[in-house]
Amino acid sequence: MVGLRQAGRTARPAHAGADGFRADVAAVFGCDNVFRRGAGKLLDRASARTLDGMQSTAAHLLIVDDDTDLGARLARYLGDHGYTVALAGDGLQMRERMAERMPDLVLLDLMLPGEDGLTLARVLRGDHGLPIIMLSARGDDVDRIVGLEVGADDYLPKPFNPRELLARIRAVLRRQAVPAATPAVAERPLHAFGPFRLDPAAHRLTRDGETVPLTAAEFALLRAFNEHPHQVLSRDRLIDLLKGYDRSPFDRSIDVRVTRLRRKIETDPSAPQFIRTIWGEGYLFAPDGDRRP
């Protein structure tokens, strides 16, 4: 860890524990003139402006970690770099913070009281489509692979250099951003069905030019249908298409999503033209509104 060596300290191994990690983070903050207890002021503002000028820093971050001291330090550090930050210590507090304001990215600890980080990652990705950077003192390859498979965009083992975390946050947010001019709006691939236009790049559904509000889960389902028109998709296939979705052998929530989506795109949800039920098999999306079997 370059930052820790520059501070004149020896980097602690990953198994050093939470206390060692807090000490390492404090050392990095101290040597970088970034954090001062109480005042929390950024001293090297010119350097920060140079770094943050490469990317808009209006993003809102949510840190989910039961280590309140570490969370507070990271919140100050990221706040000094232009981000707004909310803190949560478990799954319940995470949901409360999200109800107050939906984050642009979640920093999620793997080991949490109650629901663990993997369970929460499935919720964040499957129901909200939020980008996730998973943090953990357990740096095993298995944990890293499982974290990425359930939908995390990146995985950073503790202890880490806060500068590396900052760089990874910027990288994930850049990947989530919609390019301003490439491709041009007129050239962007759109999915058209009836009076609707689905723009995957802009994450937007319109009807005759007017935006139709969709949740992240509804948008993900509609996109899956549009990318597989005139195909019978079983519930298991839809779950596979919705990355990060938590599979259950008796899961009927796909049906609930379909019902909600029909209310927003069908003239008569009880007699759907676009999303048809194929009894005993699944659903078929007919973009031309063809209701023939």
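Residues numbered from 1 in each chain as written. Predicted model: local features only at pLDDT ≥ 70, side-chain atom pairs only at ≥ 80, totals over all residues. Heavy atoms only, no water.

J.: It is not clear to me how the sheet that holds strand 4 (residues 132-136) should be interpreted in this structure. Could you clarify?
T.: With parallel pairing, five strands are arranged side by side in an open sheet as 2-1-3-4-5. If you trace the sheet from one side to the other, it starts and ends with strand 2 (84-88) and strand 5 (154-157), each paired once. When the angles between neighbouring strand axes are averaged without regard to direction, this sheet yields 20°. Note: strand 4 against strand 5, four bridges, orientation parallel. Bridge pairing links I133 to D154 in strand 5. This element, helix 4 (residues 68-80), spans strand 1 (60-64), strand 2 and strand 3 (105-109) of the sheet and lies at about 170° to strand 2. (Pairing = 2+ DSSP bridges. Helix = DSSP H or I, 4+ residues; strand = E, 2+ residues; numbered from the N terminus. Axes fitted to C-alpha atoms, helices over the stretch in contact; angles between N-to-C directions. Contact = heavy atoms within 4.5 Å.)

J.: What am I meant to see in the sheet that holds strand 6 (residues 191-193) here?
T.: To summarise the sheet geometry, strands pair through backbone hydrogen bonds and adopt either a parallel or an antiparallel arrangement. With respect to topology, four strands assemble into an open sheet ordered 6-7-8-9, the strand pairing being antiparallel. Here the strands that pair on one side only, and so sit at the sheet edges, are strand 6 and strand 9 (210-211). In the sheet, strand 8 (residues 204-207) pairs with strand 9 via two bridges, with the strands oriented antiparallel. Bridged to R207 within strand 9 is E210. Contacts from helix 9 (residues 216-227) reach strand 6, strand 7 (196-199) and strand 8 within the one sheet, and its direction differs from that of strand 7 by about 100°.

J.: Just to check I follow, could you spell out the packing of aromatic side chains for this structure?
T.: Scanning the entire structure with this criterion turns up five aromatic pairs. Between F193 and F196 the ring centres are 5.1 Å apart and the planes differ by 20°, which places this aromatic pair in the stacked class. Residues F225 and F285 carry aromatic rings whose centres are separated by 6.1 Å and whose planes lie at 25° to one another, so their mutual orientation is stacked. Taken as a pair, F225 in helix 9 and F285 in strand 12 (residues 282-285) lie far apart in primary sequence, 60 residues in all. (Phe/Tyr/Trp six-rings, centres within 6.5 Å; stacked < 30°, edge-to-face > 60°.)

J.: I keep staring at the pairing of strand 11 (residues 275-278) and nothing clicks. Help me out?
T.: The two faces of a sheet get side chains in turn, since along a regular strand they alternate between them. Bridging between strand 11 and strand 12 involves four bridges; their strand directions are antiparallel. Among the inter-strand pairings, I275 is bridged to a residue of strand 12, identified as F285. Counting the residues that bridge the hairpin from strand 11 to strand 12 gives three residues, and of these G280 lies at a positive phi of roughly 80°.

J.: When you look at helix 9 in this model, what are you seeing that I'm missing?
T.: Within an α-helix, residues lying three or four positions from one another point in the same direction, as the helix has 3.6 residues per turn. Here helix 9 spans 16 Å end to end across twelve residues, near enough to the 16 Å set by a 1.5 Å rise per residue. Looking only at helix 9, the buried set comprises A217, E218, F219, L221, L222, A224, F225 and N226. (Expected span 1.5 Å × (residues − 1). Buried < 20%, exposed > 50% of the residue type's maximum accessible area, 1.4 Å probe, protein only.)

J.: How should the pattern of salt bridges be read in this particular structure?
T.: Working definition: two side chains of opposite charge can pair if their charged atoms are close together. For the structure on display, the rule yields ten salt bridges. D65 is the salt-bridge partner of K158, the closest N and O atoms lying 2.9 Å from each other. Taken together, the residues K158 in the loop between strand 5 and helix 8 (162-176) and D65 in the loop between strand 1 and helix 4 connect sequence positions 93 residues apart. In this structure, the salt-bridge partner of R223 is E227, at a minimum N-O distance of 2.9 Å. With a gap of four residues between them, R223 and E227 both fall in helix 9, about one helical turn apart. E227 gets classed as partly exposed once you look at its relative accessible area, which sits at 41%. (Salt bridge = Lys/Arg side-chain N within 4 Å of Asp/Glu carboxyl O.)

J.: Please clarify how the packing of helix 5 (residues 91-100) against helix 6 (residues 117-128) should be interpreted in this entry.
T.: The description of two helices packed together rests on the angle between their axes and the distance between the axes. Interaxial distance between helix 5 and helix 6 falls to 11 Å at its minimum, and their mutual angle equals 25°. When the axis of helix 5 is compared with that of helix 6, the two are roughly parallel. The handedness of the crossing between helix 5 and helix 6 is right-handed. Where helix 5 abuts helix 6, its residues G91, M94, R95 and M98 lie against L120, V123, L124 and H128. Within the contact of helix 5 with helix 6, the residues separate by chemical class into five nonpolar, two polar and one charged. (Parallel < 35°, antiparallel > 145°, perpendicular 65-115°, else oblique. Left-handed = near helix turned anticlockwise from the far one by under 90°. Nonpolar A, V, L, I, M, F, W, Y, C, P; charged D, E, K, R; others polar.)

J.: Would you mind going over the pairing of strand 1 with me for this structure?
T.: Where burial is concerned, most of strand 1 is hidden: five out of the five residues are buried. By the bridge criterion, five bridges tie strand 1 to strand 2 in an arrangement that is parallel. Following the sheet pairing, H60 is matched in strand 2 by T84. With four bridges connecting them, strand 1 and strand 3 associate as parallel partners.

J.: Hey, could you run me through the environment of M102 in this one?
T.: With respect to the helices and strands, M102 occurs in the loop between helix 5 and strand 3. The exposure class assigned to M102 is partly exposed, which follows from its relative accessible area of 41%. Separated by 40 residues in the primary sequence, M102 and L62 have C-alpha atoms spaced 8.6 Å apart. Discounting chain neighbours no more than four positions away, the residues touching M102 are H60, H128 and L130.

J.: I keep staring at the side chain of H228 and nothing clicks. Help me out?
T.: Of note, H228 is situated in the loop between helix 9 and strand 10 (232-233). Note on H228: relative accessible area 13%, which makes it buried. Among the polar contacts listed, one links the side chain of H228 to the backbone oxygen of A224, at a separation of 3.0 Å. Setting aside residues no more than four positions away along its own chain, H228 makes contact with L233, R237 and L241. (Polar contact = N/O pair within 3.5 Å; in protein donor to acceptor, adjacent residues only side chain to side chain.)

Limitation: the analysis is restricted to geometry and does not speak to function.
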